[in-house]
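Each chain is listed here by its residues.
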Amino acid sequence: MAISNAMELQYPDIWDADTNPSITLDFDWLTVDPGFGGQPFRTRALGGSVPGPTIKLSPGTILNVQFRNLLTDQPESYKTSDVGRYNMYGDADMANLHFHGGHVSSVLPADDTTLVVHPGHSYNFTVPFPEDHMPGLHWVHPHHHGSSSLHLVGGAALALIVKDAPNSLPKEVENAEEKVLVFQDWDVPTAKNIARKAGDAAFASSLNTIEGGLEVGQRFVTVNGMYQPTMTVVRGVWQRWRILYAGWQDLPLKLFMETNEAGCELQLLAKDGIFITDYPREITKTIPLPPGGRADFMVRCSNVGSTQFSALTRDTLTVVSQGSDITRVDARDGITSSAVPEDSKNGTNLLNAQVTTDLTSWQPASYPDYLQSVMEMPPSDGCTCPFVLKGYGDTSRMNGKTYRSGNNFQHTTYLGAIVQRELVGIYEHSYHQHIYPFQLVSGFEETEYFHYGDWHDTLLDEDGKKSSGVTTWVIRYQTTDIGGKMMVHCHNTMHADHGMMAKEYVRDMMADVGGSCECDIFGPISGAGLIEDDVGQVTVMGSVKEEAAKEEVDENGGSTISYCVAVVTSCAAMIVSLLLD
Ligand SMILES: [Cu+2]
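The structure displayed is predicted, hence computed values, not measured ones.

Participant: Where do I start with the overall build of the protein chain in this structure?
Facilitator: If you tally the helices and strands in the protein chain, you get 8 helices and 36 strands. The proportion of buried residues among the 581 residues of the protein chain is 50%. Long-range pairs, those at least 24 residues apart, make up 78% of the contacts in the protein chain with a sequence separation of at least 6.

Participant: When you look at helix α3 (residues 188–197) in this model, what are you seeing that I'm missing?
Facilitator: For an α-helix, the turn length of 3.6 residues means that residues three or four places apart are oriented alike. Inspection of α3 places V188, A191, K192, I194 and A195 among the buried residues, and these make up the whole buried set. For α3, the arc enclosing every buried residue in end-on projection is 165°, short of the 170-degree limit, so these residues lie on one face. Of the residues one or two after α3, G199 is the one with positive phi, at around 70°.

Participant: Got a minute to help me understand the confidence of the model for the protein chain in this structure?
Facilitator: Overall, the predicted model of the protein chain reaches an average pLDDT of 86, with 83% of residues at or above 70. Counting interchain partners and residues more than four positions distant, the pLDDT-below-50 stretch residues 325–355 has 59 contacts. Scored below 50 in pLDDT, residues 534–581 makes 74 contacts in the model with residues more than four places away or belonging to other chains.

Participant: It is not clear to me how the environment of A110 should be interpreted in this structure. Could you clarify?
Facilitator: With respect to the helices, strands and loops of the structure, A110 is situated in the loop between β6 (98–100) and β7 (122–128). Along the chain, A110 and L63 lie 47 residues apart, while their C-alpha atoms are 9.1 Å from each other. In this structure, A110 is in contact with V104, S105, F125, T126 and V127, ignoring residues within four places of it in sequence.

Participant: Help me out: how do you make sense of the sheet that holds strand β26 (residues 411–414) in this one?
Facilitator: The pairing of strands in a sheet comes from backbone hydrogen bonds and takes either a parallel or an antiparallel form. Reading across from one edge, β26-β34-β33-β28-β31 is the order of the 5 strands in this open sheet, with mixed pairing throughout. The strands lining the two open edges of the sheet, one partner per strand, are β26 and β31 (458–459). Examined bridge by bridge, strand β28 (residues 431–433) and β31 share 2 bridges and lie antiparallel to one another. Across the sheet, H432 pairs through a bridge with T458, a residue of β31.

Participant: Looking at this structure, I do not really get unusual backbone geometry. What am I missing?
Facilitator: As a rule of thumb, non-glycine residues mostly have phi less than zero, and peptide bonds are mostly trans rather than cis. For the peptide bond that leads from L108 to P109, omega is 10°, which places it in the cis range. By the element assignment, P109 lies in the loop between β6 and β7. Here Y279 and P280 are connected by a cis peptide whose omega angle stands at -5°. Tracing the backbone shows P280 in the loop between β17 (274–275) and β18 (281–282).

Participant: How should I be thinking about the environment of T313 in this particular structure?
Facilitator: Within the element layout of this structure, T313 appears in the loop between β20 (305–311) and β21 (314–322). Residues T313 and L255, spaced 58 residues apart in sequence, show a C-alpha to C-alpha distance of 8.1 Å.

Rules behind the numbers
- Residues numbered from 1 in each chain as written.
- Predicted model: local features only at pLDDT ≥ 70, side-chain atom pairs only at ≥ 80, totals over all residues.
- Helix = DSSP H or I, 4+ residues; strand = E, 2+ residues; numbered from the N terminus.
- Buried ≥ 20, exposed ≤ 12 C-beta atoms within 10 Å, placed from the backbone.
- Contact = placed C-beta atoms within 7 Å.
- Arc of directions from axis to C-beta.
- pLDDT = per-residue confidence, 0-100.
- Pairing = 2+ DSSP bridges.

Quick look at the structure:
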């Protein structure tokens, strides 16, 4: 495909896990030039590009990912050898993968973010997506405690889409061209600070080569790795935008149409990969997508002209809406359309995009068990617990505590429980929980974006403070079917890296055999319903050792680096960290 305009928005490659029995995702240094000005710079990229390729899979697919950490070891960055540094930046080149939004197990070889994959090691993730997984947009990013911020600020992230079943959507959605838009926040001064504190000399020196953007404080927003691109659309044709904010900082994306000459409209279809129940919901105001959040919109621009989108108050994306005098017959419906483009840019066929159709209301024929509404279901006995997110930097706390590894859990639940959480601090901290999305029950002022009954897995309400002072958001969900540990944390990863993170435990047992909830444990748990080898980290050590990379890797077509050398020191450091747990 030929891109005539260098600034025309491009899209991540698509890797289909349904047809690839195993996907290899390399985590490695990559030279990038998003267009900030100055020289290209080196950053840590996941899957060979920033953002990485979009992974697509169907519900019921077992996602096999060989994760290869090809970074270069920097022993001066280790934090795990010093217990006092556990909740600080460090371990710059250690990583793992988190499948954010997936209703998937946190037990290895699946989505266990306590896994540590050292440079020169690989790990084979096997992540079963259940048959009844809700189709939607999720994402993948490294989630090692201490280096999460470092890796996200450098752009290591990719979109993951659970596919819609054929003929399950309204025709105008099914036929719409799909645009994956990955928004990323590049804050160079903050990134330098994090790199310096993490002992990450490699990235700190690379960031020094970014010279442009002084007038915006060297904080940039990219779309699909591009700074201020243009997206050309055809007037009057519905598209499906699938927006991921692969963020790591304090603010919501604040996606907003600064000017709207093209007459674009945005109709909300899904949030955090879950279809809303009142589609189409028109969004006219600033979109408060939290760091880590996703939203699907049906988008149509009715006029010829351009519309300027800003994000984080910066000019971010220009949509240029063009007319078309090409007349073709809609292949599916035999409807003559006057605004169907010759779309050579993305290799897709817009023949089926109906121009004049207004959207009809729709919701999925059914929601899976884990997304059945719990609005009218009272929380199970003892299953209402608080999460207070407070502080920043060294004062980052969750329920007054910093994160502890190993067998230390904040709250426990059990399979089948109706779980309620009372969230404090959500106006300045983005609450995220793994495995189970949650429903918004009460405690906030409804807006066009936040309705009672909506499902999210990441939540930030910057306006909440203004409306009513201290707000306690009440959320609820049912722990239907997946037991084991469950990470909960602030998705300002700078706060999470400093300890604003906790673990819950979902006992793998039902109430009828003694399952019960407990709040505010903040210590070891024992008894029935613990999944074998989950609480300890023995499995982690064995798996990592087993996968230690032994081949030589030729880097940049020149110098050959032997990762066997790195393996010796990193394995030693790993054992030290295990002893500390
Ligand atoms: Cu926070």
